[in-house]
Amino acid sequence: MKKNMTFHKKKIWMIFALCSFLLLGLIGRLVYLMGFRSDYYYEKAQELHERERKIKAARGKILDAKGKVLASNRTVCTISVIHSQIKEPERVISFLSETLNVDKETIRKRVEKISSIERIKTNVDKSLGDIVRDENLAGVKVDEDYKRYYPYGSLASKVLGFTGGDNQGIVGLEVKYEDILKGTSGKILTTTDARGVELDKEGETRQDPVEGNTLQISLDVNIQQYAQQAALKVMEEKQAQRVSILLMNPQNGEIYACVNVPEFDLNDPFTLNDQTDTSQMSSKEKQDLLNQMWRNPCLNDTYEPGSTFKIITMSAGLEEGVVSLNDRFYCPGYKIVEDRRIHCAKRTGHGSQTFVEGAQNSCNPVFIEVGLRLGVDRYYKYFRQFGLLTKTGIDLPGEAGTIMHRKKDMGEVELATVSFGQSFQITPIQLATTVSSLINGGNRITPHFGVSILNPDGTAGSKIIYPVKHGIVSSETSRKVRQILESVVSEGSGRNAQIEGYAIGGKTATSQTLPRSANRYISSFLGFAPADNPQVLGLCVIHDPQGVYYGGTIAAPVIRSIFENILPYLGIEKTGQSEEKNNA
């Protein structure tokens with residue numbers, strides 16, 4: 001009997017201990033859930049009882065150098081329906097179809113779909129949104145939204161870029177500075193019951209959106225308009241395929257204008273600018289055409305620069321000391337390199353001439369000789385030193401790199417053709433940046449549009465800083481290059497760029513595209529002013545002009561006409577001849 005009592009007593013204590021252990025475990029779990037995880041489960045409960053509607057933030061503005069608005073926002077509306085709250089579905093369907101011009105069946109599918117919320121139409125004009133709101137239909141929501149608006153239409157379209165349906169940047173500055181411009185979205189929270197029906201007594205809570213910051217850029221509307229008008233004029237006159245013009249400050253890399261005609265309408269970026277019929281095209285074919293239309297040839301495409309590249313050969317030769325201003329050369333109209341006869345543009349030859357005269361005449365044999373004197377190793381050294389083998393770092397997406405012969409594959413023939421700008425390709429922005437760096441005293445600058453970031457209210461924010469590499473050539477070499485290029489305009493092939501009262505420096509170019517048998521050309525001119533202290537550099541590239549195609553004849557006058565307008569605008573006064581020419 002005693003033995004049985006002892007046994008039952010042990011069982012009772014074991015059960016009690018087990019129950020106590022389980023109870024302690026439950027208490028511990030409750031403490032964990034209610035104490036340490038309470039915030040998590042509170043948020044989960046809120047999600048079950050709250051419906052969230054996003055409020056898009058107003059995207060930050062883009063301003064030009066003078067503060068003119070290049071990109072802003074227009075208020076639009078998003079119309080949505082909530083299935084569980086609709087009391088008169090047929091009335092809702094009819095009214096929305098008639099007011100928003102949307103097919104009834106499309107609206108019916110969304111009205112009858114059992115979901116938390118369904119969008120009917122976005123980017124609805126505010127006046128229409130107000131009409132829908134005033135109808136006060138149960139289950140129909142009207143939320144204010146923003147749509148990007150570009151006051152100048154197609155101006156600088158391939159620089160600014162545009163936004164998509166969700167107001168996110170797609171191309172151009174809009175996507176490059178997305179994090180600065182986009183802002184922070186807000187939201188509207190409405191409390192619902194278990195069926196998803198809003199509880200009127202609870203009302204709504206609202207978290208206001210935060211507007212994006214404003215971006216101020218170096219592009220100047222007035223200068224861009226001058227350049228675009230000049231580009232359109234020469235494209236029409238020469239029936240060219242396209243025309244690109246770059247205008248920048250060679251001292252700091254700020255870009256005043258970047259024109260690529262034909263441009264496209266920023267407020268309607270998905271319509272082809274040449275009115276091509278796309279009805280029979282596949283979606284891929286149409287997208288390929290749109291992508292081509294959106295490209296910025298100044299930095300996305302490469303080309304053979306032709307004789308404008310002689311500025312690089314000139315600078316390397318002078319810096320290395322393999323040529324001087326008074327060295328004499330003889331041009332019979334060609335130069336034989338290994339087994340190749342490479343012709344000068346003037347087949348009858350220029351005869352005896354100095355190096356400066358060779359530059360004025362744009363004589364190929366003179367620059368071939370300079371390239372051969374440098375040799376492959378030293379020429380490549382200056383390619384790297386000048387920054388030609390790396391990208392410029394411009395603040396736009398999709399910059400292409402230089403397409404150059406590999407050093408091990410570069411023989412004397414390749415060296416000869418590269419020395420006067422053929423058999424390789426670079427971008428216009430690379431050429432403009434490199435020449436800027438060679439004429440500004442030898443400082444490799446970074447081309448850019450972004451200048452400063454302003455707060456949403458327009459107050460000062462922060463300046464954007466870009467890297468500068470000093471000493472790519474000596475200041476003396478830079479001075480000599482400016483002097484030679486000023487003489488090219490005053491006495492040589494660039495005479496059509498002269499402007500009375502201003503000393504202009506520059507270089508013409510005419511290159512033949514591949515295949516050579518097609519007889520298609522690229523005409524260009526690179527100029528800067530004032531010649532002794534450059535404050536603006538311009539590059540005009542004309543693709544496939546008809547009729548006369550020489551750069552000095554058709555491209556130089558384009559830069560001249562632009563400079564005639566913008567030099568006084570920039571406050572650059574007439575001085576007559578440059579000090580360098582007077583000293584010479």
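Above this text sits the structure in question.
The structure reproduced in this document is the subject of the present report. Everything quoted here is computed from the prediction, not taken from an experiment.

Rules and cut-offs
- Residues numbered from 1 in each chain as written.
- Predicted model: local features only at pLDDT ≥ 70, side-chain atom pairs only at ≥ 80, totals over all residues.
- Heavy atoms only, no water.
- Core = buried A, V, L, I, M, F, W, Y, C linked by side-chain atoms within 4.5 Å.
- Buried < 20%, exposed > 50% of the residue type's maximum accessible area, 1.4 Å probe, protein only.
- Helix = DSSP H or I, 4+ residues; strand = E, 2+ residues; numbered from the N terminus.
- Contact = heavy atoms within 4.5 Å.
- Pairing = 2+ DSSP bridges.

Grouped together as the largest cluster of nonpolar side chains are 90 residues, with contacts concentrated most on Phe355 and Phe449. The greatest single-element share of this core, amounting to 10 residues, is contributed by helix α14 (residues 364-386). Apart from the residues within four sequence positions on either side, Phe449 is in contact with Val159, Leu173, Gln216, Ile217, Ser218, Leu219, Ile255, Cys258, Ile394, Asp395 and Leu396. Core analysis: the next-biggest nonpolar cluster, separate from the first, contains 34 residues, Ile223, Ala230, Val489 and Ile504 among them.

Take the environment of Ser419 next. If you trace the backbone, Ser419 turns up in helix α15 (residues 412-419). According to the relative accessible area criterion, Ser419 is buried, its value standing at 0%. Separated by 55 residues in sequence, Ser419 and Asn364 place their C-alpha atoms 8.4 Å apart. Among residues more than four places away in sequence, those in contact with Ser419 are Lys310, Thr313, Phe367, Ile368, Gly371 and Tyr379.

Our next topic: the pairing of strand β19 (residues 536-543). For a regular strand, the rule is simple: side chains alternate between the two faces of the sheet. Taking burial as the measure, the eight residues of β19 include eight buried ones, the bulk of the element. Going residue by residue along β19, you find Val536, Gly538, Cys540 and Ile542 tucked away on one face and Leu537, Leu539, Val541 and His543 tucked away on the opposite face as well. In the sheet, strand β9 (residues 242-248) pairs with β19 via seven bridges, with the strands oriented antiparallel. Paired with Ile245 across the strands is Cys540, a residue of β19.

What follows is about the side chain of Thr427. Relative to the helices and strands, Thr427 is located in the loop between α15 and α16 (428-439). Given a relative accessible area of 1%, Thr427 falls into the buried group.

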